[in-house]
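Structure assessment
Chain by chain, the residues:
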Amino acid sequence: MLAAELRLHDVRVLVLEKETEPVSFVRIVGLHIRSIEVMAMRGLLERILERGRQRPAGGFFAAINKPAPEGLDSAHAYLLGIPQPVIVHLLEEHAIELGAQVRRGCAVADFEQDDEGVTVELADGEQLRSHYLVGCDGGRSTVRKLLGVGFPGVPSRTETLMGEMEVGVPQEEIAAKVTEIGETNKRFSLRPFGEGVYQVIVPVAGVSDRAEPPTLEDFKQQLRTVAGTDFGVHSPRWLSRFGDATRLAERYRVGRVLLAGDAAHIHPPIGGQGLNLGVQDAFNLGWKLAAQIRGWAPETLLDTYQAERHPVAEDVLDNTRAQMELSSTEPGPQAVRRLLTELMDFDEVNRYLIEKITAIGVRYDFGAGPDLLGRRLRDIDVKQGHLYGLLHRGRGLLLDRTERLTVGGWSDRVDYLADPTAVLDVPCVLLRPDGHVAWIGDDQQDLDDHLSRWFGKPAN
Ligand SMILES: Cc1cc2nc3c(=O)[nH]c(=O)nc-3n(C[C@H](O)[C@H](O)[C@H](O)COP(=O)(O)OP(=O)(O)OC[C@H]3O[C@@H](n4cnc5c(N)ncnc54)[C@H](O)[C@@H]3O)c2cc1C
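Below is a short write-up of the structure. (Residues numbered from 1 in each chain as written. Predicted model: local features only at pLDDT ≥ 70, side-chain atom pairs only at ≥ 80, totals over all residues. Heavy atoms only, no water.)

1. Remarks on the pattern of salt bridges
Enumeration over the complete set of coordinates arrives at 31 salt bridges. Between Glu159 and Arg241 there is a salt bridge; the shortest N-O distance is 3.0 Å. With Glu159 in strand β10 (residues 159–166) and Arg241 in strand β13 (residues 234–243), the pair connects residues that are 82 residues apart, well separated along the chain. Looking at Arg241, the relative accessible area reads 12%, which means it is buried. (Salt bridge = Lys/Arg side-chain N within 4 Å of Asp/Glu carboxyl O. Helix = DSSP H or I, 4+ residues; strand = E, 2+ residues; numbered from the N terminus. Buried < 20%, exposed > 50% of the residue type's maximum accessible area, 1.4 Å probe, protein only.)

2. With respect to empty space enclosed by the protein
Per the counting criterion, the structure on display carries three cavities of 30 Å³ or more. Estimated volume of the largest cavity: approximately 90 Å³. Forming the walls of the largest cavity are Arg34, Val38, Gln280, Phe283, Asn284, Arg309, Ala359, Val362, Tyr364, Asp434 and His436. For the lining of the largest cavity, the secondary structure elements donating two or more residues are α2 (33–41) and α8 (274–294). Here the lining of the largest cavity gets three residues from one element, more than from any other, and that element is α8. When the residues that make up the lining of the largest cavity are grouped by side-chain class, the tally is five nonpolar, three polar and three charged. Looking at the second largest cavity, the residues that line it are Ala57, Gly58, Gly59, Phe60, Phe61, Lys66, Met344, Asn350, Leu353, Ile354 and Ile357. When grouped by side-chain class, the residues that make up the lining of the second largest cavity number seven nonpolar, three polar and one charged. (1 Å grid on protein atoms, 1.4 Å probe; cavity = no way out; pocket = protein on both sides within 12 Å on 5 of 7 lines; lining within 4 Å. Points joined across faces, edges and corners; volume = space filled by probe spheres on them. Nonpolar A, V, L, I, M, F, W, Y, C, P; charged D, E, K, R; others polar.)

3. Focus on the sheet that holds strand β9 (residues 153–154)
Pairing is antiparallel in the open sheet, where three strands are placed in the order β9-β14-β17. Pairing within the sheet leaves two strands with one partner each, and these edge strands are β9 and β17 (265–266). Here β9 pairs with strand β14 (residues 246–248) via two bridges, running antiparallel. Looking at β14, one finds that Val154 is bridged to Thr246. Along the sheet, helix α9 (residues 304–326) makes contact with β9, β14 and β17, crossing β14 at roughly 170 degrees. (Pairing = 2+ DSSP bridges. Contact = heavy atoms within 4.5 Å. Axes fitted to C-alpha atoms, helices over the stretch in contact; angles between N-to-C directions.)

4. Here we look at the pairing of β10
Looking down a regular strand, the side chains alternate between one sheet face and the other. In terms of residue burial, β10 counts as a mostly covered element, since seven of its eight residues are buried. As defined by bridge partners, β10 adjoins strand β12 (residues 197–204) across eight bridges and the pair is classed as antiparallel. The residue bridging Thr160 from the neighbouring strand is Pro203, located in β12.

5. Quick notes on the sheet that holds strand β7 (residues 127–130)
Strand order in the open sheet formed by three strands is β5-β6-β7, with antiparallel pairing between adjacent strands. Bordering the open sheet on either side are β5 (108–113) and β7, each of which pairs with just one other strand. For this sheet the average axis-to-axis angle between neighbouring strands, irrespective of direction, equals 25 degrees. Here five bridges tie β5 to strand β6 (residues 118–122), and the two strands are oriented antiparallel to one another. By the bridge assignment for β6, Asp110 is matched with Glu121.

Printed below as a string of structure tokens:
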């Protein structure tokens, strides 16, 4: 995602990936609303819709089964079920089409930064030089460790086995058992994945040495403990395990080196937010880093990445912790879960939690102003079609209902749309390339001040 965003601004990008082949683990439930919107803003919506399945947006907070309230503030108010390897493939294809270079089988082993750039050393000793380096290298990030950035938090207390395999008992027998166990154990599931293959998720007591992948025997034993039967599982496609550690990098930037995605934050997968959070980090960072490299970034722009994204990650860490507590089989948390389930009958509670988990409730702190300031704008109809269709190039956009204002010397970075739509109930809105509202008003001088704040000095 980040590589593609940088390419939109003509920045040369090299992606170094240590694995020679893409990973085939089907980890995620899907893309939540804000990530779908991000894809729509960059013209990727059709491609991802073709490869995914639209499902209702509700029912993800701690897997509490409540439908989403009516009228969520989005043109894409659904969950898109799409396996992680497919998203990775689509984003890689998109970045390459835009001109990014991807080198597989290249592990970053070391780096050094100075005033002009970063020298990166690969595991085979090859050295590369760049202006900036962004560690998108996952929860065990080498870049973060080499940077010496702390990753404080809570270690795993529970562990869950996850894998795909065939079963030796009829579907009806499985369905009945799964329903029975699901009454009290929210961390267990056995779902048909087609062609006789099931996805098995089963909790384990205690925490093991996570460097070792689990065996089929581990699954059988754990299934017998939790379900009283191992369902005759056999012929695994892949076997994996995950924990519930919650950690957040102390800093997202040290000089010319930055962190994004799991390298910056890890949390339990409950609610399905990790990949979504990382994609949105990249979407926030891309245009800012590009501006820095192209030389038009205002002095503090790059640091707004951490200022805006760190609190969002903090919030996700908190809500996943809460969801884990609500999924415990202990009587206390089960009582809290029953109470929250009742509270979610109130539209506002349900809406608040869905907006949180789908990230459409995110509001960056841009200072005092109307509620819309700092929020993302939903896709709205404009005379020229859809708003998001006008953001494909990753530029700023002024929506001007007064038809009196101009983006003047910023027209190489910011587009202008006069009399866009009656849907907006404010005179003018300045959108950043990530679709967040950077300014609302009708005064040219005030607008110019805000254009300078976000887009640097005018060209002439
Ligand atoms: C069981 C499970 C279910 C999940 N479900 C969901 C879900 O439904 N929704 C959701 O949004 N998220 C979900 N997640 C979380 C999601 O999988 C992660 O948040 C996401 O993969 C993070 O992406 P990333 O690119 O930051 O890191 P990763 O996916 O870990 O990618 C990091 C990449 O860096 C490479 N790398 C590592 N070290 C180096 C190095 N030194 N040099 C070069 N390359 C290196 C790795 O090979 C890897 O390809 C789930 C996770 C699990 C475990």
